[in-house]
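# Tertiary structure, described
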Amino acid sequence: MKKLFALTALAVVSVGALAQAYPGTKPISIVVPFTAGGPTDRVARDLAEAMRKHVPGSNFVVENAAGAGGTIGANKVAKANPDGHTLLLHHIGMAAIPALYRKLAYKPLDDFEYLGMVNDVPMTLIGKPQLPANTYRDFENYIRANSGKLNIAHAGLGSASHLCGLLWQSTLQTKDAMTTIPFGGTAPAMTALIGGQVDVMCDQTTNTTQQIESGRVKAFAVTTAKPLSTHPVLKHYPSLQEMGLKGFNLTIWHGLYAPKGTPEAITKTLNEALQKALKDPEFIKKNEGLGALVVTDNRTNPAEHKKFVTAEMVKIKAAVDAAGKYAD
């Protein structure tokens with residue numbers, strides 16, 4: 001009995017010491033599974049700065065580990081030492097990867113501790129400036145009337161624009177009405193749209209707002225459940241749900257993750273720091289500058305975060321399977 005008591009006491013002391021020692025002098029690395037300079041990278045750097053204020057003694061750094069649709073960086077974190085010093089910031093690709101890549105070296109639902117959602121970035125449905133339609137209803141009618149003659153661009157397999165186009169066509173039931181044209185990034189896809197070489201694209205507000213405002217592309221709708229009534233540019237456009245696509249609500253969200261097995265004392269500290277960072281006025285302002293909305297609902301809770309991603313996986317898998325196009 002004395003031996004059992006001693007072991008129990010030792011375990012309690014060990015957990016307490018772990019919580020006290022964290023983070024120590026070792027940097028906390030937030031891995032971004034994409035190249036530097038993009039929207040996810042910018043979110044990570046702003047988040048690192050905000051969370052640093054709320055984890056005493058911490059030094060957050062951002063590490064880019066790009067490639068294979070985000071799977072290289074995600075796998076790096078899944079296989080990392082679960083000591084709270086290697087985290088992952090990923091977008092909707094976390095839910096899309098298991099549908100697109102049927103043979104993965106890790107399991108998105110099993111190999112991570114979910115720490116909470118960070119933000120939502122709305123999407124916009126846009127067209128080349130030469131399109132004769134000026135409203136979403138006219139645009140939809142034009143697509144149906146010209147089935148098989150139009151094309152839709154995206155920035156690469158698994159990109160935000162790819163997923164948005166898939167889900168929109170699946171909901172609209174026009175998956176064969178347009179030919180999909182993949183590009184090696186958002187910039188070339190947008191250039192082709194502006195130049196009239198492609199007809200349609202769906203992408204994040206971070207990439208489209210300036211083009212819409214300048215008149216280089218035509219905007220038809222936003223993908224959020226409700227119109228963006230407070231947005232200075234996009235308040236003039238309806239939501240797809242409002243236009244009859246029942247249940248359509250798509251944003252490019254970001255979430256924070258740690259390797260599976262990270263001690264509860266550490267995940268609790270990280271979630272508390274995340275919750276405070278999401279209320280930081282400077283972080284909120286920076287997100288607004290990106291066209292992103294900081295999450296304020298219960299998805300900042302780890303359990304609700306995981307529940308949300310699980311539901312997104314189901315939705316995306318249905319669209320990917322219907323299209324029948326995979327990354328492997």
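Residues numbered from 1 in each chain as written. Predicted model: local features only at pLDDT ≥ 70, side-chain atom pairs only at ≥ 80, totals over all residues. Heavy atoms only, no water.

### What to know about the overall build of the protein chain
- In terms of regular secondary structure, the protein chain is built from eleven helices and ten strands.
- Taking 20 Å as the expected radius of gyration for a compact globule of 328 residues, we find that the protein chain reaches 21 Å, a close match to that expectation.
- When the backbone C-alpha atoms are referred to their principal axes, the protein chain occupies close to 80 × 40 × 30 Å.
- The buried share of the protein chain, taken over its 328 residues, is 51%.
- Considering only contacts within the protein chain whose residues lie at least 6 apart along the sequence, 78% involve residues at least 24 apart.
- Accessible area for the protein chain stands at about 14,800 Å²; split by element, carbon and sulfur atoms hold 56% of it. (Helix = DSSP H or I, 4+ residues; strand = E, 2+ residues; numbered from the N terminus. Rg over C-alpha atoms; globule rule 2.2 N^0.38 Å. Buried < 20%, exposed > 50% of the residue type's maximum accessible area, 1.4 Å probe, protein only. Contact = heavy atoms within 4.5 Å. Areas by Shrake-Rupley, 256 points an atom, 1.4 Å probe, with all protein chains shown as cover.)

### Quick look at the confidence of the model for the protein chain
- When pLDDT is averaged along the protein chain, the result is 91; 94% of the residues meet or exceed 70.
- Below a pLDDT of 50 lies the segment residues 1-19, which in the model reaches three contacts outside its immediate sequence neighbourhood of four places, other chains included. (pLDDT = per-residue confidence, 0-100.)

### Side note on the pattern of salt bridges
- All told, the structure shown has 14 salt bridges when counted by the stated rule.
- Among the ionic pairs, D297 bridges to R299, the shortest N-O distance being 2.9 Å.
- A relative accessible area of 34% means that D297 is categorised as partly exposed.
- In this structure R299 comes out as buried when scored by relative accessible area, which is 12%. (Salt bridge = Lys/Arg side-chain N within 4 Å of Asp/Glu carboxyl O.)

### A closer look at the environment of H91
- Examined against the element boundaries, H91 turns out to sit in the loop between β3 (86-90) and α4 (93-100).
- Given a relative accessible area of 7%, H91 falls into the buried group.
- Put simply, H91 and E63 are 28 residues apart on the chain and 15 Å apart in space, counted from C-alpha to C-alpha.
- Excluding its chain neighbours within four sequence positions, the residues that come into contact with H91 are F34, T40, I252, W253 and H254.

### Brief notes about helix α7 (residues 186-194)
- Taken together, the buried positions of α7 are A189, M190, A192 and L193. Angularly, the buried residues of α7 cover 160° about the axis, an arc narrow enough to put them on a single face. In α7, the exposed positions angled more than 90 degrees off the buried face are occupied by A187 and T191.
- Trailing α7 by a residue or two, G196 shows a phi angle of about 85°, which is positive. (Arc of directions from axis to C-beta.)

### Examining the pairing of strand β7 (residues 200-204)
- Within β7, five of the five residues are buried, which leaves it mostly tucked inside the rest of the structure.
- Where strand β5 (residues 150-154) lies against β7, two bridges are found, and the strand directions are parallel. Bridge pairing in β7 places I152 opposite V200. (Pairing = 2+ DSSP bridges.)

### Let's talk about the pairing of strand β8 (residues 218-222)
- Most of β8 sits out of view: five of its five residues are buried.
- Two elements, strand β4 (residues 112-127) and β8, share four bridges in a ladder whose sense is antiparallel. By the bridge assignment, L125 is partnered in β8 with A221.

### What to know about helix α5 (residues 136-145)
- Every buried residue belonging to α5 is among Y136, F139, E140 and I143, and all of these are buried. Projected down its long axis, α5 shows its buried positions confined to an angular sector of 95°, all on one face.
- In this fold, the buried residues of α5 make contact with β4, β5, α6 (160-172), β6 (178-182), β7 and β8.

### A closer look at the environment of T208
- On the secondary structure map, T208 appears in helix α8 (residues 205-213).
- Considered as a pair, T208 and L125 are 83 residues apart in the sequence and their alpha carbons are 9.1 Å apart.
- Excluding residues within four positions of it along the chain, T208 makes contact with T124, I126, M190 and D203.
- Separated by 2.6 Å, the side chains of T208 and T124 make a polar contact. (Polar contact = N/O pair within 3.5 Å; in protein donor to acceptor, adjacent residues only side chain to side chain.)

### Quick word on the side chain of T267
- Take T267: it is sitting in helix α9 (residues 264-277).
- A relative accessible area of 16% places T267 in the buried class.
- Within polar-contact distance, the side chain of T267 engages the backbone oxygen of E264 at 3.0 Å.

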